[in-house]
Amino acid sequence: MALIGEKEYFQGINEIKYEGRDSDNPLAFKFYNPEQVVAGKTMRDHFKFAMAYWHTLCGTGGDPFGPGTKDFPWSKAADPMVAAREKADAAFEFITKMGFDYFCFHDHDLVDEATSLVDSEKRVIKTVEYLKEKMNASGVKLLWGTANLFSHPRYMNGAGSNPNFDVVARAGAQLKIALDATMELNGENYVFWGGREGYMSLLNTHMKLEQDNIGRLMRMARNYAQGNGFKGTFFIEPKPMEPMKHQYDFDAATSINFIREQGLDKDFKLNIEVNHATLAQHTFQHELQVAANAGMLGSVDANRGDYQNGWDTDQFPNNVLEITEAMLVFLKAGGLQGGGINFDAKTRRNSTDLEDLFIAHIGGADTFARGLLVADAVINTSNYEHLLNNRYASFTKGKGLEFTKEKISLSDLYAHAKSSNEPEQISGKQELFENILNQYL
Ligand code: XLS
Ligand code: NI
Ligand code: NI
């Protein structure tokens with residue numbers, strides 16, 4: 001099967017190559033050099049860049065004030081199966097021209113939902129057959145699949161958290177079909193983003209029952225998938241708000257608690273999204289660190305928010321400083337466990353050229369590559385690690401060391417403090433740490 005479908009959608013664009021930072025070619029990588037080895041691994045393997053089917057192929061730019069602006073030449077056909085094939089052709093042409101190895105999808109990004117569950121399942125199965133051929137021909141892999149359990153009006157009161165069991169069961173059915181699709185395509189992971197899993201008003205909400213029901217659904221999903229040979233990891237993607245006023249998977253710490261409380265910690269990790277972190281009043285790097293500390297740094301949804309807006313603007317990542325700080329955490333944690341970097345990002349409503357999709361992904365990949373290179377240099381050639389470890393040197397010897405081993409008591413602390421003078425004032429040297437990062441940028 002040819003890599004470009006019957007019709008070439010991105011005409012005039014060839015495979016994107018690395019040309020280095022001096023290149024003026026907008027359709028070339030300046031920092032992302034897939035085969036370049038950094039910290040013992042190629043950039044390609046560090047990142048496992050993925051295209052998000054929903055934004056790149058389906059997001060035509062509609063907002064509450066107006067319709068879509070992007071006249072995508074695929075999926076215009078009235079027959080949903082023809083439209084789905086065209087979309088798949090465009091998707092694989094895009095991914096292979098980008099030189100990426102992965103994609104991610106929601107069930108109904110692939111093909112529109114039908115009016116009945118049975119017909120929807122048929123559509124998904126047929127589209128998956130077609131995707132499988134395209135994947136075999138191109139070598140492109142599925143980073144993760146997921147079910148859209150938030151767009152359809154039936155989920156207005158939630159999916160797993162819905163107060164009506166019939167809706168929970170319907171969500172379970174859709175989840176099963178999405179898991180089947182993910183497994184059929186050898187998906188490496190499965191994501192749960194709880195779009196409507198939360199509440200608008202506590203007055204009409206049984207919070208504990210709703211959360212326990214989500215846990216039940218997740219355990220069923222895990223048992224079903226593993227029973228059918230799925231070896232991948234499940235990820236929860238935290239987000240604090242939007243669409244619900246309060247989302248149950250508020251942030252990394254909240255989600256980790258949920259995972260442990262529900263007995264899911266052997267099989268579940270986190271998918272951290274930049275813009276969700278900032279919506280939760282955290283930094284992206286904070287969320288990565290919280291996940292890493294719990295051994296749950298699974299995957300990343302790459303994008304960025306807007307300093308002035310309080311919603312998920314899903315812009316392409318271009319904040320090099322932010323991503324460099326994140327790459328420090330990433331490298332020190334030993335990378336992602338099972339996941340990759342999925343561009344859950346959309347071009348702006350007025351970026352209407354097809355080539356803008358490439359330019360945006362190039363910028364995103366370059367931002368991560370640059371961050372990785374800088375973080376690696378900071379760790380290995382600057383004074384950074386030494387300064388950082390030095391701050392905690394008092395825990396590496398004497399009573400400090402005994403304290404970390406829990407070999408001393410509160411009375412020992414009392415005796416230690418009583419026989420010492422007022423502790424010495426030691427500068428935190430934040431500006432020095434910041435300057436080192438700037439110096440290496
Ligand atoms: C929305 C989420 C969504 C998930 C997948 O804010 O980021 O796109 O990644 O359902
Ligand atoms: Ni996301
Ligand atoms: Ni998001």
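The structure we're discussing is the one just above.
Reading the values: the criteria
Residues numbered from 1 in each chain as written. Chains lettered and ligands numbered in written order. Predicted model: local features only at pLDDT ≥ 70, side-chain atom pairs only at ≥ 80, totals over all residues. Heavy atoms only, no water. Helix = DSSP H or I, 4+ residues; strand = E, 2+ residues; numbered from the N terminus. Rg over C-alpha atoms; globule rule 2.2 N^0.38 Å. Buried < 20%, exposed > 50% of the residue type's maximum accessible area, 1.4 Å probe, protein only. Contact = heavy atoms within 4.5 Å. Areas by Shrake-Rupley, 256 points an atom, 1.4 Å probe, with all protein chains shown as cover. Lys, Arg positive; Asp, Glu negative; His and termini not counted. Charge placed at Lys NZ, Arg CZ, Asp CG, Glu CD. Axes fitted to C-alpha atoms, helices over the stretch in contact; angles between N-to-C directions. Parallel < 35°, antiparallel > 145°, perpendicular 65-115°, else oblique. Left-handed = near helix turned anticlockwise from the far one by under 90°. Phe/Tyr/Trp six-rings, centres within 6.5 Å; stacked < 30°, edge-to-face > 60°. Lys NZ or Arg CZ within 6 Å of the ring centre and 35° of its normal. Donors = N, O, S within 2.8 Å, 3.2 Å for Na, K, Ca; no water. Tetrahedral: all angles 85-135°; square planar, octahedral: opposite > 155°, others 65-115°. Salt bridge = Lys/Arg side-chain N within 4 Å of Asp/Glu carboxyl O. Pairing = 2+ DSSP bridges. Near = heavy atom within 4 Å. Polar contact = N/O pair within 3.5 Å; in protein donor to acceptor, adjacent residues only side chain to side chain. Nonpolar A, V, L, I, M, F, W, Y, C, P; charged D, E, K, R; others polar. Core = buried A, V, L, I, M, F, W, Y, C linked by side-chain atoms within 4.5 Å.

S.K.: An account of the overall build of the chain is requested, with residue identities and associated values reported.
M.R.: When helices and strands are tallied, the chain shows 16 helices and 14 strands. Radius of gyration (C-alpha) of the chain: 24 Å, near the 22 Å computed for a compact globule of 441 residues. Principal-axis analysis of the C-alpha atoms places the extent of the chain at approximately 85 × 60 × 45 Å. Within the chain, buried positions represent 51% of all 441 residues. Taking contacts inside the chain between residues at least 6 apart in sequence as the whole, the part at least 24 apart equals 76%. Surface exposure of the chain reaches about 21200 Å², of which carbon and sulfur atoms provide 51%. Here the chain contributes 45 positively and 59 negatively charged side chains, and the mean placements of these two sets differ by 4 Å.

S.K.: Go over the packing of helix α11 (residues 320-332) against helix α12 (residues 355-381), please, and point to the residues and values.
M.R.: Following both chains from N to C, one finds α11 and α12 inclined at 60°, their axes separated by 8 Å at the closest point. In terms of orientation, α11 and α12 fall into the oblique class. For α11 against α12, the interelement crossing comes out right-handed. Taken together, the residues of α12 that come into contact with α11 (itself represented by V320, I323, T324, M327, L328, F330, L331 and K332) are T367, F368, R370, G371, L372, V374, A375, D376, V378 and I379.

S.K.: Describe the environment of G68, naming the residues involved and giving the relevant values.
M.R.: Considering the arrangement of structural elements, one finds G68 in the loop between α2 (53-58) and α3 (80-98). Counting along the chain gives 282 residues from G68 to N350, while the straight-line C-alpha distance between them is 9.7 Å. Leave out the neighbours within four places in its chain, and G68 touches T60, G61 and G62.

S.K.: Can you break down the packing of aromatic side chains residue by residue, with the values?
M.R.: Tallied over the full model, the rule gives 32 aromatic pairs. Ring geometry for F10 and F358: centres 5.1 Å apart, planes at 80°, overall edge-to-face. Taken together, the residues span a long stretch of sequence, with F10 in the segment before β1 (17-18) and F358 in helix α12 at a distance of 348 residues. The two residues F10 and F358 agree in class, both being buried. A centroid spacing of 6.5 Å and a plane angle of 85° characterise the contact between F343 and F368, whose relative ring orientation is edge-to-face. Of the two residues, F343 sits in strand β14 (residues 341-343) while F368 sits in helix α12, which places them 25 residues apart along the sequence. For F343, a relative accessible area of 0% puts it in the buried group. F368 sits in the buried class, given a relative accessible area of 0%. In this structure an aromatic cluster arises from ring pairing among F29, Y32, F47, F49, F100, F316, F330, F343 and F368. Positioned above the aromatic ring of Y130, the side-chain terminus of R85 is 4.1 Å from the ring centre.

S.K.: Talk me through the coordination of the nickel ion (ligand 3); I want residue IDs and the actual numbers.
M.R.: Only E273 (OE), H276 (NE2) and D312 (OD) from the protein reach the nickel ion (ligand 3) as donors, at distances of 2.1 to 2.3 Å. A gap of 3.8 Å separates the nickel ion (ligand 3) and the nickel ion (ligand 2), which E273 links by coordinating each metal. Residue class for E273 comes out buried when judged on its relative accessible area of 2%.

S.K.: Can you lay out the coordination of the nickel ion (ligand 2) for me, pointing to particular residues and giving the numbers?
M.R.: Those donors, E237 (OE), E273 (OE), D301 (OD) and D344 (OD), are the protein atoms that reach the nickel ion (ligand 2), and they lie 1.9 to 2.1 Å from it. In this structure, the nickel ion (ligand 2) is surrounded by six donor atoms whose angles at the metal cover 79 to 175°, and the resulting shape is octahedral. Positions of the donor residues of the nickel ion (ligand 2) along the chain correspond to the pattern E-x35-E-x27-D-x42-D. Given the relative accessible area of 6%, D344 is considered buried.

S.K.: An account of the pattern of salt bridges is requested, with residue identities and associated values reported.
M.R.: Tallied over the entire structure, the rule returns 17 salt bridges. Salt-bridge contacts for E113 lead to R154; the nearest nitrogen and oxygen are separated by 3.0 Å. Of this pair, E113 sits in the loop between α4 (107-110) and α5 (117-138) while R154 sits in the loop between β7 (141-146) and α6 (165-184), and the two are 41 residues apart along the sequence. According to the relative accessible area criterion, E113 is partly exposed, its value standing at 25%.

S.K.: Quick one: what's the story with the pairing of strand β12 (residues 268-273), residue by residue and with numbers?
M.R.: Here β12 lies mainly inside the structure; six of its six residues are buried. With four bridges connecting them, β12 and strand β13 (residues 297-301) associate as parallel partners. Along β13, the bridge assignment pairs N271 with S299.

S.K.: Lay out the site of ligand 1 in plain terms, naming residues and giving numbers.
M.R.: Residues in close proximity to ligand 1 include W54, H106, W144, W193, E237, K239, E273, H276, D301, D312 and D344, which together make up its full environment. A distance of 3.3 Å is found between an oxygen atom of ligand 1 and a side-chain nitrogen or oxygen belonging to W54. Contact with the protein chains covers 94% of the free accessible surface of ligand 1, which is 300 Å². Classifying every residue of the shell around ligand 1 by side-chain character gives three nonpolar, two polar and six charged.

S.K.: Describe the nonpolar core, and please don't skip the residues or the numbers.
M.R.: F47, Y53 and F103 are the most contacted members of the largest nonpolar core, which has 117 residues in total. For this core, the element with the most residues is α12, which contributes 12 residues. Leaving out residues up to four positions away in the same chain, Y53 has contacts with C58, K87, A88, A91, F103, C104, F105, D109, L110 and L131.

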